[in-house]
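What the coordinates show
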Amino acid sequence: MSVVVFGLLLETATVMIVVLILSMLYRYGRLHYVKDLLIAFSFYLALLCLSVFDVRFELPLIVKIIQYFLLTSVALFVYRSGKGQDAKLDDRKIIYLSGVIIMLVPIIIVIMGFGEYLEAIGYIILGLTFVSSSVHWILGQIEVSTIAKVVGGAFFVYGLHLMDFVFVQYNDQLYLYGLLVAVVLEILLACSLVLLNFVSLHKSTDLASEKYKQLFENSSDAILLIEKDVIFDCNDQAVKMFECPKSGIIGLTPMNLSTEYQENGRESFDYGAELFGNAQKGNVTRFDWVHQSIKGKKIQCEVALFVINGNQFAAIIRDMSDKYAFEEALNFHKFYDSLTLLPKRDLFIDRLSLYLDERYKKVALIAFN
């Protein structure tokens, strides 16, 4: 085995590890730039495998064309990883125009009789792409700016080094050193991306947690978090609604904060177990419920109950007492005189229509003027 083949196999193994690391990072975080780099290094892995066979068996010109297209494909996804996910229309036009030029280059080169230089041209394009993409990272457009600058620096040096291959590939010793340097840079790049990914995800998790906390505490509805029928957390609105400090609510069951029977006549415990069973299936269960504060005050509520994690539930409780009281007052004034409290004509017509619906033809009506 020649030293060049050994170096290529070493870099192939390194890039394979990089691809596995990027696969893990994408599966964990689903970040766009990780996906693009995963595709880029997968293409580069295919290129290295092809290069091993090319060095051993001196494959025909068509292989040089394939290597060129693999290199330009890597360049495209490296560009996308740095800027493509936020690319505006003008940027996309640049990508399409570059694609057309890249497609035309091998045709022109082959016609001119310089097909053996296609791989070198591909490395120059890829190197320039890494260098230009490094600007995006170094300027701090990624949230974790310090680590992003390290990635950008690795991109910059890696891009310059890829262009070095054009000059060193004709000397076996220099080519081997170049492959070893590439291995070191790829390891540095992989480690930097792992650190960037986890720090970035940690920051985004903290931000999401802070947003959740703000929404939880400042909600105008009472929120109870329930596990195994026991309340393990609640917000400030729940404290106001149930007229009890948080420490007094935590450890109770929702039934401890409910009337014995609901307005539909069902016992709260049995009806509640049925509603929790429906929510366990993954649906948001909405229903009317009569809660009761620690001081005995009845509260007409509208409740949304849903699973948040395994056996953990969230109950969002809206106090509808004022609304129901207002509607009841409206109905009262619709059917009764506010001064004498005697029934109005509307109540007579309403009750008569119900009676007629029930009895239909077996009704006699006598009206006195």
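Refer to the structure above for everything that follows.
Notes on the structure follow. Note that the structure is predicted; figures quoted are calculated from it, not measured.

Right, let's get into a nonpolar patch on the surface. There is a patch of nonpolar side chains on the surface, built from Phe6, Leu10, Leu174, Tyr177 and Leu180 and spanning about 440 Å² of accessible area. When residues of the nonpolar patch are traced back to their parent elements, those giving at least two are helix H1 (3-29) and helix H7 (172-218). The element best represented in the nonpolar patch is H7, accounting for three residues. As for its placement among the helices and strands, Leu180 is situated in helix H7. Taking the relative accessible area as the measure of exposure, Leu180 reaches 35% and is therefore partly exposed.

Time to look at the nonpolar core. Counting residues in hydrophobic clusters, the biggest one holds 46 residues, and the most contacted among them are Leu22, Phe41, Tyr44 and Leu193. The set of elements that each furnish at least two residues to this core consists of H1, helix H2 (32-57), helix H3 (61-82), helix H5 (118-138), helix H6 (145-168) and H7. By residue number, the principal contributor to this core is H2, which donates eleven residues. Beyond its immediate chain neighbours, meaning those up to four positions away, Leu22 contacts Val34, Leu37, Leu38, Phe41 and Leu193. Grouped together as the second largest cluster of nonpolar side chains are 24 residues, Ala222, Ile226, Cys234 and Ala315 included.

It is worth spelling out helix H10 (residues 268-280) at this point. Over its 13 residues, H10 runs 18 Å from end to end, which matches the ideal 18 Å to within 8%, given 1.5 Å per residue. Listed as buried for H10 are Ser268, Tyr271, Gly272, Leu275, Phe276 and Ala279. End-on view of H10: buried residues confined to an arc of 135°, all on one side of the axis. Looking at the buried residues of H10, the elements they touch are strand S1 (222-227), strand S3 (285-292), strand S4 (298-309) and strand S5 (312-319). Gly282 lies just past H10 and shows a positive phi near 100°.

About the criteria used
Residues numbered from 1 in each chain as written. Predicted model: local features only at pLDDT ≥ 70, side-chain atom pairs only at ≥ 80, totals over all residues. Heavy atoms only, no water. Patch = residues over 30% accessible without salt bridge, like charges linked within 9 Å, V, L, I, M, F, W, Y side chains within 5 Å. Areas by Shrake-Rupley, 256 points an atom, 1.4 Å probe, with all protein chains shown as cover. Salt bridge = Lys/Arg side-chain N within 4 Å of Asp/Glu carboxyl O. Helix = DSSP H or I, 4+ residues; strand = E, 2+ residues; numbered from the N terminus. Buried < 20%, exposed > 50% of the residue type's maximum accessible area, 1.4 Å probe, protein only. Core = buried A, V, L, I, M, F, W, Y, C linked by side-chain atoms within 4.5 Å. Contact = heavy atoms within 4.5 Å. Expected span 1.5 Å × (residues − 1). Arc of directions from axis to C-beta.

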